[in-house]
Amino acid sequence: MKKHKVENEPLHEDEQIKEREVKHKEEKHKEDKHKEEIDALNDKYLRLAADFDNYRRRTLKERQELILTAGEDLIIGILPVLDDFERAYEMLHKASGDNSTAIEGTELIYNKLFSFLTSKGLKVIEAVGSELNTDFHEAIAQIPAEDPAKKNKIVEVLQKGYTLNGKVIRFAKVVVGQ
């Protein structure tokens, strides 16, 4: 009987080895499966974090643009009033009689309005004497230039142009020398 047990023992040991190998393979398979799940969840987490970061940046940028241009329509609507003040000021200077009080009052109101608009980011587009730049100027007419230095230069501004925080909100209407 001892011989029989001895013969069975190697079989039994082989079975145990095979069982261990099978268990090891199963554990390895489970471990690989868990690792894949962890990798998939990490990838999902990283993508979600990146999406949120992109969303945060985009909304911050949109908010900043909104703040910068929030009053754009209002300021564009006020520009004709600013033009009217300039015309009134010129007319008062040309008119005969004692208009010093009217000139002073008009100038005071104009300066207050212009300084307020300037504080909100409004800037006048300088044009006279510079070359025509279609990004800022709109050529309304061309006149012959007597001086060769005035060729392709802006001779007169018919209507001032303005930028608001670097964005053109009204092109300067100009006359160009030819």
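Residues numbered from 1 in each chain as written. Predicted model: local features only at pLDDT ≥ 70, side-chain atom pairs only at ≥ 80, totals over all residues. Heavy atoms only, no water.

Participant: Describe the confidence of the model for the chain, and please don't skip the residues or the numbers.
Facilitator: With 94% of its residues at a pLDDT of at least 70, the chain reaches an overall mean of 88. Scored below 50 in pLDDT, residues 1-8 shows zero contacts in the model against residues more than four places distant or in partner chains. (pLDDT = per-residue confidence, 0-100. Contact = heavy atoms within 4.5 Å.)

Participant: Describe the nonpolar core, with residues and values.
Facilitator: In summary, soluble globular proteins display a tendency toward joint burial of nonpolar side chains. With eleven residues, the main nonpolar core is built from Ile75, Leu79, Leu82, Phe85, Tyr110, Leu113, Leu117, Leu122, Tyr162, Leu164 and Ile169. Of all the secondary structure elements, the ones that give two or more residues to this core are helix H2 (72-94), helix H3 (100-119) and strand E4 (161-164). Per-element tally for this core: the top contributor is H2, with four residues. Residue contacts for Leu117: discarding those within four places in its chain leaves Ile75, Ile78, Leu82 and Leu122. (Core = buried A, V, L, I, M, F, W, Y, C linked by side-chain atoms within 4.5 Å. Buried < 20%, exposed > 50% of the residue type's maximum accessible area, 1.4 Å probe, protein only. Helix = DSSP H or I, 4+ residues; strand = E, 2+ residues; numbered from the N terminus.)

Participant: If you had to explain H3 to someone new, which residues and values would you point to?
Facilitator: Compared with an ideal rise of 1.5 Å per residue, which puts 20 residues at 28 Å, H3 spans 28 Å between its outermost C-alpha atoms and is within 8% of the ideal. All buried positions along H3 are accounted for by Ile103, Thr106, Tyr110, Leu113 and Leu117. Buried residues of H3 fall within an arc of 110° about the axis and therefore sit on the same side. Residues of H3 that are exposed and point more than 90 degrees away from the buried face comprise Thr101, Glu104, Leu108, Lys112 and Ser119. Those residues of H3 hidden inside the fold are in contact with H2 and strand E1 (122-125). Gly121 sits one or two positions beyond H3 and adopts a positive phi of about 110°. (Expected span 1.5 Å × (residues − 1). Arc of directions from axis to C-beta.)

Participant: Break down the packing of aromatic side chains for me, with residues and values.
Facilitator: What characterises a pair of aromatic rings is the spacing of the ring centres plus the angle enclosed by the ring planes. By the definition in use, this model includes two aromatic pairs. Taken together, a centroid distance of 6.5 Å and an interplanar angle of 35° make the contact between Phe52 and Tyr55 tilted. Within this pair, Phe52 and its partner Tyr55 are both found in helix H1 (residues 2-69), separated by three residues, close to a single helical turn. Measuring from centroid to centroid gives 5.9 Å for Tyr110 and Phe114, while their planes differ by 10°, and the two rings are stacked. In this pair, Tyr110 and Phe114 are both assigned in helix H3, four residues apart and thus about one turn of the helix distant. Exposure remark for Tyr110: the relative accessible area of 16% places this residue in the buried category. (Phe/Tyr/Trp six-rings, centres within 6.5 Å; stacked < 30°, edge-to-face > 60°.)

Participant: Lay out the environment of Phe114 with the relevant residues and their values.
Facilitator: By relative accessible area, Phe114 is classed as partly exposed at 22%. C-alpha separation for the pair Phe114 and Leu82, spaced 32 residues apart in sequence, amounts to 7.6 Å. Here Phe114 is in contact with Leu82, Val124 and Tyr162, once residues within four sequence places are set aside.

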